[in-house]
Amino acid sequence: MTISTRFFEMLRMLGRLWADLPSLVRLLRAWKNGSYRGLSARTMASLAAAVLYLLSPVDLVPDFIPGIGLIDDVVVLALLLQSLAQDLAAFRAWEQTRR
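Let us look at the structure shown here. Keep in mind that this is a model prediction, so the values were computed, not measured. Per chain, residues are indexed from 1 in the order of the written sequence. Where totals are concerned, whole chains, interfaces and linings use all residues; where local detail is concerned, this predicted model gives features only for residues with pLDDT of at least 70, and gives and counts side-chain atom pairs only at 80 or more. Just so you know, side-chain values use all the structure's heavy atoms and leave hydrogens and water out.

What about the overall build of the chain?
- In this description a helix means any DSSP run of H or I spanning at least four residues, a strand means any run of E spanning at least two, and both kinds are numbered starting from the N terminus. Across its full length, the chain carries 4 helices and 0 strands.
- Ordered by position from the N terminus, the helices and strands of the chain form the series α-α-α-α.
- Excluding contacts between residues fewer than 6 apart, the proportion of contacts in the chain whose partners are at least 24 apart in sequence is 61%. Note on contacts: a residue pair is in contact if any heavy atoms of the two residues lie within 4.5 Å.

Looking at the packing of helix H2 (residues 41-55) against helix H3 (residues 71-83)
- Where H2 meets H3, the closest approach of the two axes is 10 Å, and the angle between their N-to-C directions is 175 degrees. Put simply, H2 runs roughly antiparallel to H3. Packed against H2, whose contacting residues are Arg 42, Ser 46, Leu 47, Ala 50, Tyr 53 and Leu 54, the element H3 presents Asp 72, Asp 73, Val 76, Leu 77, Leu 80 and Ser 83 at the interface. Between N-to-C directions, angles span 0 to 180 degrees; the directions come from axes that are lines fitted to C-alpha atoms, helices contributing only their stretch in contact. Should an angle lie under 35 degrees it is considered roughly parallel, over 145 roughly antiparallel, and from 65 to 115 roughly perpendicular; all remaining angles are considered oblique.

Considerations on the nonpolar core
- Among the buried residues, those of types Ala, Val, Leu, Ile, Met, Phe, Trp, Tyr and Cys that are joined through side-chain atoms within 4.5 Å form a nonpolar core. Burial status follows relative accessibility: with a 1.4 Å probe on protein chains alone, a residue under 20% of its type maximum counts as buried, one over 50% as exposed, and anything between as partly exposed. The biggest cluster of nonpolar side chains holds 14 residues, and the ones touching the most others in it are Leu 24, Leu 27, Tyr 36 and Leu 80.
- Elements represented by at least two residues in this core include exactly helix H1 (3-32), H2, H3 and helix H4 (85-98).
- The dominant element in this core, judged by the number of residues it contributes, is H1, at 4 residues.
- In contact with Tyr 36, not counting residues within four places along its chain, are Leu 27, Ala 30, Trp 31, Asp 87, Ala 90, Phe 91 and Trp 94.

Focus: the environment of Tyr 36
- Structurally, the position occupied by Tyr 36 is in the loop between H1 and H2.
- Put simply, Tyr 36 and Trp 94 are 58 residues apart on the chain and 8.4 Å apart in space, counted from C-alpha to C-alpha.

Notes on H3
- A helix is expected to reach a length of 1.5 Å times the quantity of its residues less one. End to end, H3 covers 18 Å across 13 residues, agreeing with the expected 18 Å (1.5 Å per residue, within 8%).
- The complete set of buried residues in H3 reads Asp 72, Asp 73, Val 76, Ala 78, Leu 80 and Leu 81.

Below, the structure written as structure tokens:
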């Protein structure tokens, strides 16, 4: 894999993250207020692990490094959203039935 291919792959990952993040926030709000209960134990464990990593002061790439310090956090969020793709699709379908 060339550097340019990796760069474009990372840009695509960031684009998906940016597009899916609002859906994830809506999903968590609906789950919190009790209107949506479609989350599995695996999904909740993934969310908890991602939040713990993001809040942890121990990172693979320290956050204080300019330019690249937050890359590992973005990758964790992107991997989380990728693993939650089916849950997000089910949530979006649920949202559509409520309108």
